[in-house]
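# Per-entry structural report
Given next are the chains, with one letter for each unit.
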Amino acid sequence: MRILVTGAAGYVGYAVGLRLLAAGHRVSGLVRHAGRDVPPGVRPVIGDLLDPAGLRAVMDEPYDAVCHLAALTRVRESFADPLRFFTANVQGTVNLLEALPPETARIVYGSTAAVYGTPDRQPIPESQPPAPSSPYGASKLAAEQVVRFHARTGAAGATVLRTFNVAGSVAGRPDPDGTRLIPAALAVAAGRAPHLEINGDGSAVREYLHVDDLAAAHVRALETTEPGLDRVYNIGTGAGASVLEVITAVEEVTGRPVPAVRRPPEPEPPLLVCDARAARRDLGWRPARSALREIIADGWAALPSAGG
C-alpha cells in the first residue's frame, strides 16, 4: 500500500515507518520542516497540520492509507496550555482528514490510554467508558471521535490504537521525553542527572510497551482495517511494574546506581494496566520485545556513551 505517516520523524513515527517499509509498503512521511530525520526509504512530505491550505497543496499523490501519529503528548504541559493541545490534536486531525485524497480508504489513529482517566477496573478493557482527567487525554479522545465519525460516513475505515506507556528504542533512537520514568532513570544511571525524583513510596504500578511492538501493531492495524468500519483496540502487555521495580531493573541492566529522592505523594491510581486481548484476537498482534529488561537494555544502548 501507499501509506502516509504523520509525525514520521517522531519517536513512534520513525519506528512505524521502519516497520511499514519492512512489510513492503511504500511510505511517505509528513514532517513540518525539511531536513527532519525520517527512516531511509521514507519519502519526506513537508507540511503543517495547522496550515490547511498548505497541507492540501502537498497531498501530491494518492494514498491508500494514513497512519496519524503527529500530536502533542505531554500530560502536565496540557494543563498549562489546553487550547494549544486541542488545536494541535483535534483541529490538526480535522485538517488532515479534509486534505486526504479520496483514495485514502484506511486510517489508523495513534491514541492513548489517557482517554480512560483513572478507572477502578483493572485491567482496563476497551468497553471501559472514557473519562479523561487531563486536557491531553480529552483532546485525544475528541480526535478519536473525529476519526471514527468520519469513517462512519463511508469515507474510510478507521482503527484507533490506545497505547499505554511506550519505551525502548529502535535504530539507536531512544525515547526523547526525559520526563517519563524509564528515560529519567536511565539518565541518572548515565550520570546526566544526580537523582531520580519519585512521588510517594514508588509502589504505583504501570505497564510498559516496546516502541517496536507498538510499531508492529500499527502495521497490523493498517493491513486489517476495512473501509466503512471503525474499531478501537488497547495496545499493551497487561503486565505491570512498580516504580521501585523499574528502578531496580535499570540498576541491574546498567550496572549503575539510580539514587532516588522521594517527594510527597500525589493522588494517583495504584495500578494502571490494560486488557489487550482484542488486539491479539483481531489483529493477530502480540508484543515480542516488551519484557521490562529488554526495553531498558535497548534504551540504555541507544544513549551515546552510556556504557563508557
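As shown above, the structure is provided for reference.
Below or above, wherever it landed, is the structure these notes cover. In this text, all values refer to a predicted model and were calculated from it rather than measured experimentally. (Residues numbered from 1 in each chain as written. Predicted model: local features only at pLDDT ≥ 70, side-chain atom pairs only at ≥ 80, totals over all residues. Heavy atoms only, no water.)

Looking at where Ala34 falls in the secondary structure, it is placed in the loop between strand 2 (26–31) and strand 3 (43–46). Among the residues examined, Ala34 registers a relative accessible area of 66% and is labelled exposed. Counting along the chain gives 10 residues from Ala34 to Pro44, while the straight-line C-alpha distance between them is 7.9 Å. (Helix = DSSP H or I, 4+ residues; strand = E, 2+ residues; numbered from the N terminus. Buried < 20%, exposed > 50% of the residue type's maximum accessible area, 1.4 Å probe, protein only.)

Moving on: the sheet that holds strand 4 (residues 65–68). Taken in spatial order, the seven strands line up as 3-2-1-4-5-6-10 in an open sheet, and their pairing is parallel. If you trace the sheet from one side to the other, it starts and ends with strand 3 and strand 10 (230–235), each paired once. Each neighbouring strand pair of the sheet contributes to a mean axis angle of 20°, computed without reference to strand direction. (Pairing = 2+ DSSP bridges. Axes fitted to C-alpha atoms, helices over the stretch in contact; angles between N-to-C directions.)

Moving on, we get to the layout of surface pockets. For the second largest pocket, the calculated volume is near 170 Å³. The wall of the second largest pocket is formed by 13 residues, among which Pro174, Asp175, Pro183, Leu186 and Leu303 lie closest to the centre. No other element matches the four residues that helix 6 (residues 181–189) contributes to the lining of the second largest pocket. Split into classes, the residues belonging to the lining of the second largest pocket amount to seven nonpolar, three polar and three charged. (1 Å grid on protein atoms, 1.4 Å probe; cavity = no way out; pocket = protein on both sides within 12 Å on 5 of 7 lines; lining within 4 Å. Points joined across faces, edges and corners; volume = space filled by probe spheres on them. Nonpolar A, V, L, I, M, F, W, Y, C, P; charged D, E, K, R; others polar.)

Another point: helix 8 (residues 243–254). Spanning 12 residues, helix 8 covers 17 Å between terminal C-alpha atoms, matching the ideal 16 Å at 1.5 Å per step. For helix 8, the complete set of buried residues consists of Val243, Val246, Ile247, Ala249, Val250 and Thr254. Down the axis, helix 8 shows its buried residues gathered within 165° of arc, on one side only. Packed against the buried residues of helix 8 are helix 6, strand 8 (196–199), strand 9 (205–210), strand 11 (240–242), strand 12 (260–263) and helix 10 (292–301). (Expected span 1.5 Å × (residues − 1). Arc of directions from axis to C-beta. Contact = heavy atoms within 4.5 Å.)

Okay, the packing of helix 1 (residues 11–22) against helix 7 (residues 211–224) next. Direction vectors running N to C along helix 1 and helix 7 enclose 55°, while the axes themselves pass 8 Å from each other. Put simply, helix 1 runs oblique to helix 7. Every pair of crossing elements has a handedness; the one defined by helix 1 and helix 7 is right-handed. Residues Tyr11, Val12, Ala15, Val16, Arg19 and Leu20 of helix 1 touch helix 7, and the partners they reach there are Val211, Asp212, Leu214, Ala215, Ala216, His218, Val219 and Leu222. For the contact of helix 1 with helix 7, a count of residues per class yields 11 nonpolar, one polar and two charged. (Parallel < 35°, antiparallel > 145°, perpendicular 65-115°, else oblique. Left-handed = near helix turned anticlockwise from the far one by under 90°.)

Most of strand 6 (residues 157–163) is tucked away: seven of the seven residues are buried. Across the two faces of strand 6 the burial is the same, with Gly157, Thr159, Leu161 and Thr163 and Ala158, Val160 and Arg162 all buried. The sheet contact formed by strand 5 (residues 106–112) and strand 6 spans seven bridges and is parallel. Residue pairing for strand 6: Tyr109 is matched across the bridge by Val160. Traced from strand 5 through helix 5 (residues 135–152) to strand 6, the parallel crossover comes out right-handed. (Right-handed = clockwise from strand over helix to strand, strands pointing away.)

Turning next to the nonpolar core. Judged by nonpolar contacts, the single largest core of 35 residues is most densely connected at Val5, Leu20, Leu161, Ile235, Leu283 and Trp285. Elements that contribute at least two residues to this core include exactly strand 1 (2–6), helix 1, strand 2, strand 4, helix 7, strand 10 and helix 9 (277–283). The biggest single contributor to this core is helix 7, with eight residues. For Leu161, the contacting residues outside a window of four places in its chain are Val108, Tyr109, Gly110, Ser111, Thr112, Ala217, His218, Ala221, Tyr233, Ile235 and Leu283. The next biggest cluster of nonpolar side chains, apart from the first, holds 23 residues, and it includes Leu181, Ile182, Leu186 and Ala189. (Core = buried A, V, L, I, M, F, W, Y, C linked by side-chain atoms within 4.5 Å.)

The subject of this paragraph is helix 4 (residues 82–99). Helix length check: helix 4, at 18 residues, gives a terminal C-alpha distance of 25 Å against a target of 26 Å (1.5 Å per residue), a fit within 8%. At Gly92, helix 4 shows its maximal kink, close to 25°. Within helix 4 the residues assigned to the buried category are Phe85, Ala88, Asn89, Val90, Gly92, Thr93, Asn95, Leu96, Leu97 and Ala99. Check the buried side of helix 4 and you find it contacts strand 1, helix 2 (52–58), strand 4, helix 3 (75–80), strand 5 and helix 5. (Bend = angle between axes of the 7 residues up to and from the residue.)

So, about the environment of Ala204. Along the chain, Ala204 turns up in the loop between strand 8 and strand 9. Taking C-alpha positions, Ala204 is 11 Å from Val273, a pair spaced 69 residues apart along the chain. For Ala204, the residues in contact, after removing those within four places along its chain, are Ala241, Ser242, Val243, Glu268, Pro269 and Pro270.

This part takes up the pattern of salt bridges. Proximity of charged atoms lets side chains of opposite charge pair with each other. All told, the structure shown has 21 salt bridges when counted by the stated rule. Arg148 is the salt-bridge partner of Asp230, the closest N and O atoms lying 2.6 Å from each other. Remark: Arg148 occurs in helix 5 and Asp230 occurs in strand 10; sequence separation between them is 82 residues. Across the pair Asp275 and Arg277 runs a salt bridge, and its minimum N-O distance is 2.7 Å. By relative accessible area, which is 15% here, Asp275 ends up buried. Using a relative accessible area of 60% as the deciding quantity, one classes Arg277 as exposed. Among the ionic contacts, a cluster of salt bridges with common partners joins Arg19, Asp212, Arg289, Glu294 and Asp298. (Salt bridge = Lys/Arg side-chain N within 4 Å of Asp/Glu carboxyl O.)

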